[in-house]
Amino acid sequence: MKVYIIGAGPGDPRLLTLRAAELISSCPVVLYTGSLVPRAVIAMARANAEVIDSSGMTLDEITEVMVRARDANQNVARVHTGDPLIFGSTAEQMRRMEQLGIEYEVVPGVTSFSAAAAALRRELTLPELSQTVILTRAEGRTPMPEREKLGELARHHATMALFLSVTLLREVCESLIPEYGADCPVAVVYRATCPEQKIVRGTLGDILLKVRQAGIKSQSIIIVGRTLTANDFADSRLYAPDFSHRFRKAKVRAE
Ligand SMILES: C[S@@+](CC[C@H](N)C(=O)[O-])C[C@H]1O[C@@H](n2cnc3c(N)ncnc32)[C@H](O)[C@@H]1O
């Protein structure tokens, strides 16, 4: 018996991994985060599977499901949105399973920030502009560690992807403007890869109004940084004719 902690991807069921689809359609117990995992994914469960929405459950109740499945020798597909290890609240579930001696495995998924980047068709790491992506969130009911306040993180000027923060967009912009500047490009992607996906583009100075006008209040990724609009970045060294690497010899000599 095993619990499989599965990433269901950002919404489009075609972005499930083959492994995720195989497990969801074969496990006798499917426990899913109902607030976010799409119905089409859960519809893959086998007809006689016990399918449980965990959105109204406490950690103790979730653990009880796993203990019951362990006692009945039944595998569990524990389905989370995006990738289960990014803002997934999976660490506490894994800790419980370790304490109880329940075997588990993690199946990664397509995280929503990469789905958002794909929707925008922008590479988030560009030579000489930003080689770092900061995955973070605005401070809400979950306090941020002191050294990870947005104003602190902003000092790097790296591309930033914010989860769980669209309702705090005003605070996000106020924290970032002093470092990134009010003209810094921002995009908000609502429900990336879903039929109702919306993209709002702007700057730190005007995005709040645009997002309000679009009526977006939840389930969005905010991406901030000059990689969103830059076109004058240097070509990477990877394809440069004077650059050799393990798989290709330089075609011309370096000057
Ligand atoms: C509890 S977190 C889960 C993140 C998830 N584990 C992941 O890797 O994408 C929920 C947040 O993820 C983001 N999110 C999840 N799915 C999304 C989607 N399809 N489009 C945009 N943002 C999404 C939103 O910021 C949302 O508030």
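In case you missed it, the structure is sitting above this.
Thresholds, definitions, all that
Residues numbered from 1 in each chain as written. Predicted model: local features only at pLDDT ≥ 70, side-chain atom pairs only at ≥ 80, totals over all residues. Heavy atoms only, no water. Helix = DSSP H or I, 4+ residues; strand = E, 2+ residues; numbered from the N terminus. Contact = heavy atoms within 4.5 Å. Areas by Shrake-Rupley, 256 points an atom, 1.4 Å probe, with all protein chains shown as cover. Core = buried A, V, L, I, M, F, W, Y, C linked by side-chain atoms within 4.5 Å. Buried < 20%, exposed > 50% of the residue type's maximum accessible area, 1.4 Å probe, protein only. Arc of directions from axis to C-beta. Phe/Tyr/Trp six-rings, centres within 6.5 Å; stacked < 30°, edge-to-face > 60°.

**Quick notes on the overall build of the protein**
- Per the secondary structure count, the protein includes eight helices and ten strands.
- Seen through its principal axes, the protein has C-alpha atoms that stretch 65 × 50 × 35 Å.
- In the protein, the share of contacts with a sequence separation of at least 24, taken over all contacts with a separation of at least 6, comes to 65%.
- Here the protein displays about 14,100 Å² of accessible surface, and carbon together with sulfur accounts for 51% of that area.

**Description of the nonpolar core**
- Counting 27 residues, the largest nonpolar core has M160, L176 and V224 as its most contacted members.
- Of all elements in the fold, only α6 (150-153), β7 (159-163), α7 (169-180), β8 (185-190), α8 (207-214) and β10 (220-224) reach the threshold of two or more residues within this core.
- Here this core gets five residues from one element, more than from any other, and that element is α7.
- Ignoring any residue separated from it by four or fewer positions in sequence, one finds M160 in contact with I134, T136, L150, L153, A154, L176, Y180, I222, I223 and V224.

**What to know about α8**
- Taken together, the buried positions of α8 are occupied by I207, L208 and V211. Take α8 and look down its axis: the buried residues cluster within an arc of 100°, on one side only. Within α8, the exposed residues directed more than 90 degrees away from the buried face are L209, R212 and Q213.
- Looking at the buried residues of α8, the elements they touch are α7, β8 and β9 (198-203).
- The first or second residue beyond α8 is G215, which carries a positive phi of 75°.

**Some thoughts on the packing of aromatic side chains**
- Taken as a whole and assessed by the stated rule, the structure comprises two aromatic pairs.
- With a centroid separation of 5.1 Å and an interplanar angle of 50°, the aromatic rings of F87 and F163 are classed as tilted. Remark: F163 occurs in strand β7 and F87 occurs in the loop between β4 (76-80) and α4 (91-100); sequence separation between them is 76 residues.
- Looking at F87, the relative accessible area reads 41%, which means it is partly exposed.
- Accessibility expressed as a relative area gives 7% for F163, which makes it buried.

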